[in-house]
Amino acid sequence: MRTITFNELRKIKDSLPSGSMHRIADELGLNVSTVRNFFGGRNFKEGKSVGIHYEPGPDGGLVMIDDTTVLERALRILDEVNNEMQKKEATESTQV
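Since we're looking at a predicted model, the values are computed, not measured.

(A) Representation of helix α2 (residues 20-28) in the model. Those residues of α2 that sit buried are Ser20, Met21, Ile24 and Ala25. Within α2, the buried residues cover an arc of 135° as seen down the axis, which keeps them to one side. Two residues or fewer past α2, Gly29 is found with a positive phi of approximately 70°.

(B) Examining the pairing of strand β2 (residues 52-55) more closely. In the sheet, β2 pairs with strand β3 (residues 62-65) via four bridges, with the strands oriented antiparallel. Its bridge partner lying in β3, His53 is registered against Met64. Counting the residues in the hairpin turn of β2 and β3 gives six residues, including Asp59, whose phi is positive at 60°.

(C) Molecular detail of the environment of Ile12. In this fold, Ile12 is placed in helix α1 (residues 6-15). In contact with Ile12, not counting residues within four places along its chain, are Phe39, Leu71, Ala74, Leu75 and Leu78.

(D) The arrangement of the pattern of salt bridges in detail. In this structure the tally under the stated criterion is four salt bridges. One salt-bridge network, held together by shared partners, links Arg23, Glu27, Arg73 and Glu80.

(E) Local environment of the packing of aromatic side chains. Scanning the entire structure with this criterion turns up two aromatic pairs. Geometrically, the ring pair formed by Phe6 and Tyr54 is edge-to-face, given 6.0 Å between the ring centres and 65° between the ring planes. Here the residue Phe6 occupies a position in helix α1, and Tyr54 occupies one in strand β2, the gap between them amounting to 48 residues. With a relative accessible area of 32%, Tyr54 lands in the partly exposed category. Pairing Phe38 with Phe39 gives two aromatic rings, centres 5.1 Å apart and planes at 75°, and the pair type is edge-to-face. Here Phe38 and Phe39 have matching classes, each one buried.

Procedures and definitions
Residues numbered from 1 in each chain as written. Predicted model: local features only at pLDDT ≥ 70, side-chain atom pairs only at ≥ 80, totals over all residues. Heavy atoms only, no water. Buried < 20%, exposed > 50% of the residue type's maximum accessible area, 1.4 Å probe, protein only. Helix = DSSP H or I, 4+ residues; strand = E, 2+ residues; numbered from the N terminus. Arc of directions from axis to C-beta. Pairing = 2+ DSSP bridges. Contact = heavy atoms within 4.5 Å. Salt bridge = Lys/Arg side-chain N within 4 Å of Asp/Glu carboxyl O. Phe/Tyr/Trp six-rings, centres within 6.5 Å; stacked < 30°, edge-to-face > 60°.

Structure (structure tokens):
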């Protein structure tokens, strides 16, 4: 189990590149609505509950995550994006 603030969870979601929800869903064999529900969505008609529990508090409240697999995939995607940006910046600085 992992606990983060709701605002931290939304910041991670908002930082993901376009198409990441579909990528995570495909990689984990989940419905994309289920992945969106993980990040605060409420589509339980198509998606499933994802083992997240909310408690009121500062920064949007606390989010207790039972299964961190979706979060770990999202963080890995952000690492990939950051690594690509660093490579691009390094390449551009050597060309100048």
